[in-house]
Each structure stands twice: as C-alpha cells, then as structure tokens.
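Observations on the three-dimensional arrangement
Spelled out from the first residue to the last, the chains are:
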Amino acid sequence: MTTVLLTGFEPFAGDATNPSGDAVRRVAREWDGPENLVTAVLPVEFDGARRNLLQLIAAHEPDVVVATGLAGGRTGVTIERVAINLMDARIPDNAGDQPVDVPSSPGGPAAHFATLPVKAITAAITGAGIPATVSHSAGTFVCNHVMFTALDVDGSRLRRAGFVHVPYATEDAPAGQPSLPLADIMSALRIALRTALDTEVDASYAAGTIA
Ligand code: PCA
C-alpha cells in the first residue's frame, strides 16, 4: 500500500492560526484514498520539527512526503524547488531558538532539489484556477529546514519529497496581506498529492525567474 505523509505547521510569529496546519487537517478529514494518508501538524521549532518529521518517516515509511507551511506575503501557492543547507532565523522559533548561519545538516550538501514533480504540480494547481508558481527559495527558517531534512533522509522507500508554501487564508489574513480562501489552499494540497502520486515524469516548461 502506498503511503503519503502530508505535514503542516502550527501558528508562529504571533499569528493565531496557520493555514498550512488548518488545510492539512481538512485534507486528512476528507481523504478517500486509495493511498494511505498520514498527516501531522509540526511545531515551528528547528529541533522539534526535524525530530517529529524523522520519527514520522521512520514509523510510517512513506513513499511520498509533502510538507507545507505558511509564506505570509506571497500571493499564491508556491511549489519549492530547492532546499538549502542553512538555518538563518530572522526571528526565534516557537521554542526560542534562533540559529544564525548554522547548517541544517553539518557536512551535508549545500542544497537538495525537490524530488516532487514541481512543474506538473504547479500546472495542475493553476489549471484548477488557483494561483501557483514554482519557487526557488524556501527561505532559511523552519520550513526550509524541514524540506532539507526530508530530502536528506536516507529512506529506502521514500521516492519523492518536497515542500509547498501557502499564502495566508482569507479567513484569517492580517489586514492588507494577500490571501486565498482556505478551501482553495486545501484543494491545492489535494492536487499536489494526487499529482505527486500519479505523475512519473515532471512537466518541462519555463518557470524560472530573472531575479
Ligand atoms: N512557515 C515558516 C515556518 C512555519 C511556517 O508555516 C517558514 O516558512 O519557514
């Protein structure tokens, strides 16, 4: 049986909610297979999130991992293409840790590319009328750390892993911030899972940026 691990995050930086965790809970409630879906809402803590993720992967041996988090200020869903081996926290995490210029994995490679079909996922979400783009930076906070950790795992079963950043949910967005309805964020995550499961070879089209 194919197993997929989908994660979101708890709220952080003073926000009352985090649309990634809220959407993941909803996707879990409505999942009707046929694959086995495991979901978790991770703490926004460098150490805690890494530990949780590694435990989940060891316990459930997923074939596919899709981690998600909030990127407040972005206008659409962004499919991350690369995780870098660097923690540089502008604010403390929810445990009070603020690593600066510390590698996610000492001695590891400088970066990992997502092994999800990022362009096929982006095209499928856009095709459903939800704004989505490929992103070339997952930042240097806990989300990038989790993405790097997932891609750094020496998992015999793990076939594909990556990260999806979502914007604020319209229901909870701070004034003036771009957002999407939580229902659209949830649909985007469902499409990302389905595409990651069903697409063998990624799409190829220009999705780069000049700067
Ligand atoms: N977003 C943060 C961490 C948790 C979350 O939802 C990030 O982008 O690193």
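Here we summarise the structure given alongside this text. (Residues numbered from 1 in each chain as written. Predicted model: local features only at pLDDT ≥ 70, side-chain atom pairs only at ≥ 80, totals over all residues. Heavy atoms only, no water.)

Taken together, Phe 9, Phe 12, Asn 18, Val 44, Gly 69, Leu 70, Phe 141, Val 142, Cys 143 and His 165 make up the full set of residues adjacent to the ligand. Val 142 has a polar backbone atom sitting 3.4 Å from an oxygen atom of the ligand. When the ligand is considered free in solution it has 260 Å² of accessible area, and contact with the protein chains removes 94% of it. Going through the elements one at a time, β3 (64–70) and α4 (142–152) are the ones with two or more residues in the shell around the ligand. In terms of residue class, the shell around the ligand is made up of 7 nonpolar, 3 polar and no charged. (Near = heavy atom within 4 Å. Polar contact = N/O pair within 3.5 Å; in protein donor to acceptor, adjacent residues only side chain to side chain. Areas by Shrake-Rupley, 256 points an atom, 1.4 Å probe, with all protein chains shown as cover. Helix = DSSP H or I, 4+ residues; strand = E, 2+ residues; numbered from the N terminus. Nonpolar A, V, L, I, M, F, W, Y, C, P; charged D, E, K, R; others polar.)

Counted residue by residue, strand β10 (residues 160–166) has 7 buried out of 7 residues, so it is predominantly covered. Residues of β10 alternate between two faces, with Arg 160, Gly 162, Val 164 and Val 166 on one and Ala 161, Phe 163 and His 165 on the opposite face, all of them buried. Relative to β10, β3 runs parallel, the two being bridged by 7 bridges. Bridged to Gly 69 within β10 is His 165. Examined bridge by bridge, strand β4 (residues 77–80) and β10 share 3 bridges and lie antiparallel to one another. What sits directly across from Thr 78, in β10, is His 165. (Buried < 20%, exposed > 50% of the residue type's maximum accessible area, 1.4 Å probe, protein only. Pairing = 2+ DSSP bridges.)

Take the environment of Val 134 next. With respect to the helices and strands, the residue Val 134 is situated in strand β9 (residues 132–135). Taking C-alpha positions, Val 134 is 16 Å from Gly 73, a pair spaced 61 residues apart along the chain. Those residues in contact with Val 134, other than ones at most four positions away along the chain, are Ile 79, Arg 81, Val 118, Lys 119, Thr 122 and Ala 207. (Contact = heavy atoms within 4.5 Å.)

Looking now at the environment of Ala 23. You can see Ala 23 is positioned in helix α1 (residues 19–30). Taking relative accessible area as the criterion, Ala 23 reaches 0% and is therefore assigned buried. It is 22 Å that separates the C-alpha atoms of Ala 23 and Phe 46, two residues lying 23 residues apart in sequence.

Turning our eyes to something else, we now look at helix α2 (residues 46–60). For α2, which comprises 15 residues, the first-to-last C-alpha distance of 21 Å matches the rise-based estimate of 21 Å (1.5 Å per residue) to within 8%. Taken together, the buried positions of α2 are Phe 46, Gly 48, Ala 49, Leu 53, Leu 56 and Ile 57. Structurally, α2 contributes buried residues whose contacts are with β1 (3–9), β2 (36–42), β3, β6 (87–88) and α4. Among the residues trailing α2, Glu 61 stands out with phi positive, at a value near 45°. (Expected span 1.5 Å × (residues − 1).)

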